[in-house]
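One letter stands for each residue in the lines below.
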Amino acid sequence: GKHSLWDAMVDLVLREVTLFDGTGAAPRAADVAVDGDRIAAVGAVANRGRATLDGRGLALAPGFIDVHTHDDFAALVYPDMAFKLAGGVTTCVVGNCGFGAAPHAAAAVMAKTLHPNLSLPEWQGYAGYMQRLEAHPPGVNIGVLVGHGTARLAAMQLEKGAPTPAQMAAMKAILAEGLAAGALGLSTGLVYDPGRFAATDELVELASLMRGTGALYATHMRDEGTGLLDSVREALAIGTGAGVPVHISHPKDSGR
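Attention here is on the structure that accompanies the text. (Residues numbered from 1 in each chain as written. Predicted model: local features only at pLDDT ≥ 70, side-chain atom pairs only at ≥ 80, totals over all residues. Heavy atoms only, no water.)

What follows concerns the environment of His104. Note on placement: His104 falls in helix H3 (residues 104–111). Take His104: its relative accessible area is 13%, and that puts it in the buried class. A sequence separation of 52 residues divides His104 from Met156, and the C-alpha atoms of the two residues are 15 Å apart. (Helix = DSSP H or I, 4+ residues; strand = E, 2+ residues; numbered from the N terminus. Buried < 20%, exposed > 50% of the residue type's maximum accessible area, 1.4 Å probe, protein only.)

Another point: a nonpolar patch on the surface. There is a patch of nonpolar side chains on the surface, built from Val77, Tyr78 and Phe83 and spanning about 290 Å² of accessible area. Structurally, Val77 can be placed in helix H1 (residues 74–77). With a relative accessible area of 33%, Val77 lands in the partly exposed category. (Patch = residues over 30% accessible without salt bridge, like charges linked within 9 Å, V, L, I, M, F, W, Y side chains within 5 Å. Areas by Shrake-Rupley, 256 points an atom, 1.4 Å probe, with all protein chains shown as cover. Salt bridge = Lys/Arg side-chain N within 4 Å of Asp/Glu carboxyl O.)

Moving on, we get to the pairing of strand E10 (residues 216–220). The buried fraction of E10 amounts to four of the five residues, a majority that puts the element mostly inside the structure. Bridge analysis of strand E9 (residues 185–189) against E10 gives five bridges, and the strand direction is parallel. Within the sheet, the bridge partner assigned to Gly189 lies in E10 and is His220. The pairing of E10 with strand E11 (residues 246–248) spans three bridges and is classified as parallel. From the neighbouring strand, Tyr217 faces E11, where its bridge partner is Val246. Crossover handedness for the path E10 to helix H8 (residues 228–242) to E11: right-handed. (Pairing = 2+ DSSP bridges. Right-handed = clockwise from strand over helix to strand, strands pointing away.)

This paragraph deals with the side chain of Asp71. Examined against the element boundaries, Asp71 turns out to sit in the loop between strand E6 (64–66) and H1. For Asp71, a relative accessible area of 7% puts it in the buried group.

Below, the structure is given as structure tokens:
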């Protein structure tokens, strides 16, 4: 007779593991079947596995999402990403604090602060960066933020003060290209050069491009010491003015 899915062999069955399913529900004992690169079944699994793991006394959870990383270039240079996978991280969001992966020339300059001796391959824009990740997949999933600091460096170097209309248009084009390529939002690093030279209204105007798209504004705020509350107010003003969600990357409020 015909074999049902449940008669079929799968690659791996974990038996009676304590499952934290990621929903916030209480953990429960369950079997989990994995076939190829997919979870095939959860619950009481009738399938036999080519490999079986006794999960009693062990906990299983979905991979962790590390929403605040600077792994833009590590994902290319250390593609196994073992330093994250070993801790259970399976997704990294890159491009935080205004440090983005494009445009390439500006990104290469800013990358020197993270990787002084790095020689980077070339790519065109965020689309080119993402295509490189697709062609050489790292060991974790990558979500991308457009870095405001990198865009500003590309458009106006380390100039202080407001951008000219042409400079603003250049920054908007960089953000629009990133969003079209699949970026999740715009990040700022308002304590770093050149992000700290940007006034609130510059950031509102840029972030307004994301209104209605679901993309968000993520920020390393301007001051996390005595000016903390003003920094929070500015972040909220940018989100309100632009009509976009706000993510404050790492609020520090110990007063130091």
